[in-house]
Amino acid sequence: MENNENQTESFFDLLEKPDIDPERFFKLVDSSVRGLREFRLIAASIELGVFEALKVPLPAGVLAEKLGCDPVLMPHFCESLHSLGLLDRFEEGIHEDVKAQMREKDESEVGTENPNPDSGGMNVGAVYLVSELSATYLLENSPFSQQHYLAERLRNAELWTRLPEIMMKGPEIVEKGHFFGEVVHCMAENAHCGLLQDTVRVVLEHVDFTNVKKLLDLGGGHGLYAIVFSKLNEGLQAFVFDLPPVTHKTKYFIEKYGASNVDIIPGDFFTDEIGSGYDLIFSSFNPGGKVPSLIPKISEALNPGGVFVTRQVPDEKMKSSPLLSLDWNLWTFEDVKKGGSGYSFENSVPFSEYIEMLGNYGLEVFRALDMKDGSRIVFAWKV
């Protein structure tokens, strides 16, 4: 009798809906999984060489054979990339060389049974080609290629797969010089896609470069800013200051763009001298860009009337992204402790407070601009 009552109660429980709308939960989970699928799809495409192979139009079957992939999965793979706008698809107009490849394969298979008659094999009705989006950002020889950026994103995604372990043991310790040396190409690729051009334009609008003879790109990494500024003013001598493993990479970009009037200064700006006699000191997303102890060093290195230009993401923008703050704190440097919010360190202060402190060391702010990416660029001259 008791069992029957329990069964009856369980049956009526099935007719009750949860008080909290399930749509919110399922949308959250499904959108997260969709993002994971899309990212893994792009990463796999790079690893397999899909985009490089599709610089010429190919059917999915030919592509599968060329890359040594499963012919049944490849049509679905290509369609998924097409749905993201990374491949163009054409129903007609197959190139003659592609048709020839298909004819040769058909002739070689005469008398053999297709083991996957419903797989589509080589789909004669559709060919795929890199889209403008993938050709711009995912081909190796594109000037705007983001393959280093994607490799860095993949390393970050792998870090998140170890989240339970990191939560138990604490942040992963990263060697500072090696880390920045690895990501410098990633940062260069990002900068080349608009950040560099927009920043240079704004700086030129607010600084008279005819009076700038000596420039320091502090924590400049790839050195692209110093390189562009030097190209726009041939009488300028520019220096890129960064950690030795980073400046080793900087040399690559200096040589690549033939910037003979740009040189490097290897060092740690927290402990080493940064030079002197500068007419302009430029700092863009510098990890030390909110550390007050560097302000006296920057001021002393500037000539009277010299300009300090710094660009950072204001703290109020960072606090709005707990996930980004968590991501920032999943790893750290052995000799430097990070702050609670993203892109800050233990000895950092809010960017607004940092800017107010400039006046204490003879640096007078004359312009502050909010950029479209959420960052803020501040100009101060040495009085």
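Remember, predicted model here, so these are calculated numbers, not experimental data.

Asker: Help me out: how do you make sense of the packing of helix α2 (residues 22–48) against helix α8 (residues 147–161) in this one?
Answerer: How two helices sit against one another is set out by the angle between their axes and by the gap between those axes. Contact pair α2 / α8: the axes reach a minimum separation of 11 Å and the direction vectors enclose 130°. Relative to α8, α2 is oriented oblique. Both α2 and α8 take part in a crossing whose hand is left-handed. Along its contact with α2, which presents F39, R40, I42, A43 and I46, the element α8 presents Q147, L150, R153, L154, A157 and T161. Partitioning the contact of α2 with α8 into residue classes produces 7 nonpolar, 2 polar and 2 charged.

Asker: Any chance you could explain the pattern of salt bridges here in plain terms?
Answerer: Pairing is possible between side chains of opposite charge, provided their charged atoms come close. In the structure shown here, the tally under the stated rule is 11 salt bridges. Among the ionic pairs, E152 bridges to R155, the shortest N-O distance being 2.8 Å. A residue pair is termed a helical-turn pair when its members lie 3 or 4 positions apart in one helix, as E152 and R155 do in helix α8 at 3 residues. E152 sits in the buried class, given a relative accessible area of 14%.

Asker: What am I meant to see in the environment of N190 here?
Answerer: Following the sequence through the fold, N190 ends up in helix α10 (residues 176–206). Put simply, N190 and F144 are 46 residues apart on the chain and 8.4 Å apart in space, counted from C-alpha to C-alpha. Excluding residues that lie within four positions of it along the chain, N190 makes contacts with Q146, Y149 and L195.

Asker: Would you mind showing me how to read the packing of aromatic side chains here?
Answerer: Aromatic ring pairs are defined here through the distance separating the ring centres and the angle between the ring planes. Following the criterion strictly, the structure yields 15 aromatic pairs and no others. The interplanar angle of 35° and the centroid separation of 4.5 Å between the aromatic rings of F179 and W331 together place this pair among those described as tilted. With a gap of 152 residues between them, F179 in helix α10 and W331 in strand β9 (residues 331–333) connect regions that are remote in the sequence. Each member of the pair F179 and W331 is classed as buried. A ring pair is formed by F366 and F379, whose centres lie 5.8 Å apart and whose planes are at 45°; its orientation type is tilted. One end of the pair, F366, is in strand β10 (residues 363–370); the other, F379, is in strand β11 (residues 376–382), with 13 residues separating them in the sequence. A residue is classified by how much of its surface remains accessible, and F379, at 0% relative accessible area, is buried. Ring-pair connections join several aromatic residues into one group, and the members of that group are F179, W328, W331 and F333.

Asker: What is the right way to read the sheet that holds strand β6 (residues 262–266) from this model?
Answerer: The pairing of strands in a sheet happens through backbone hydrogen bonds and is either parallel or antiparallel. Taken together, 7 strands build an open sheet; the order of strands is β6-β5-β4-β7-β8-β11-β10 and the sheet is mixed. A single partner strand is all that each edge strand has here, and the edge strands are β6 and β10. Sheet twist, expressed as the average angle between the axes of neighbouring strands with direction ignored, equals 20°. Across the sheet, helix α11 (residues 224–232) is in contact with β4 (214–218), β5 (237–242), β6 and β7 (278–284); its angle to β4 comes to roughly 160°. The sheet contacts of helix α12 (residues 244–256) involve β5 and β6, and relative to β6 the element is tilted by about 170°.

Asker: Would you take a moment to explain the nonpolar core for this structure?
Answerer: Side chains of a nonpolar character, in soluble globular proteins, are inclined to be buried together. Residues V203, V207, F209, L215, F229 and V309 are the most contacted members of the largest nonpolar core, which totals 30 residues. Setting aside residues no more than four positions away along its own chain, F209 makes contact with V203, L204, L215, F229, N233, L236 and L280.

Asker: Honestly, the pairing of strand β8 (residues 302–312) in this entry has me stumped. Any pointers?
Answerer: A regular strand places its side chains on the two faces of the sheet in alternate fashion. Within β8, 8 of the 11 residues are buried, which leaves it mostly tucked inside the rest of the structure. Summarising the sheet, β7 and β8 pair through 6 bridges and their orientation is parallel. In the strand pairing of β8, S284 is matched with R311. With respect to chirality, the unit in which β7 leads through helix α13 (residues 295–301) into the neighbouring parallel β8 is right-handed. Where β8 lies against β11, 6 bridges are found, and the strand directions are antiparallel. Its bridge partner being in β11, V307 is matched across the sheet by W381.

Asker: Even after reading the chapter, I still don't get helix α5 (residues 73–83), so can you show me in this structure?
Answerer: Count 3.6 residues to each turn of an α-helix, and residues three or four apart come out pointing the same way. The complete set of buried residues in α5 reads M74, P75, F77, C78 and L81. Each buried residue of α5 sits inside an arc of 160° when the element is viewed along its axis, so together they form one side. The exposed set on the far side of α5, more than 90 degrees from its buried face, consists of L73, H76 and S83. Its buried side turned inward, α5 meets α2, α3 (50–53), α4 (60–67), β1 (87–90) and β2 (127–130).

Rules used throughout
Residues numbered from 1 in each chain as written. Predicted model: local features only at pLDDT ≥ 70, side-chain atom pairs only at ≥ 80, totals over all residues. Heavy atoms only, no water. Axes fitted to C-alpha atoms, helices over the stretch in contact; angles between N-to-C directions. Helix = DSSP H or I, 4+ residues; strand = E, 2+ residues; numbered from the N terminus. Parallel < 35°, antiparallel > 145°, perpendicular 65-115°, else oblique. Left-handed = near helix turned anticlockwise from the far one by under 90°. Contact = heavy atoms within 4.5 Å. Nonpolar A, V, L, I, M, F, W, Y, C, P; charged D, E, K, R; others polar. Salt bridge = Lys/Arg side-chain N within 4 Å of Asp/Glu carboxyl O. Buried < 20%, exposed > 50% of the residue type's maximum accessible area, 1.4 Å probe, protein only. Phe/Tyr/Trp six-rings, centres within 6.5 Å; stacked < 30°, edge-to-face > 60°. Pairing = 2+ DSSP bridges. Core = buried A, V, L, I, M, F, W, Y, C linked by side-chain atoms within 4.5 Å. Right-handed = clockwise from strand over helix to strand, strands pointing away. Arc of directions from axis to C-beta.

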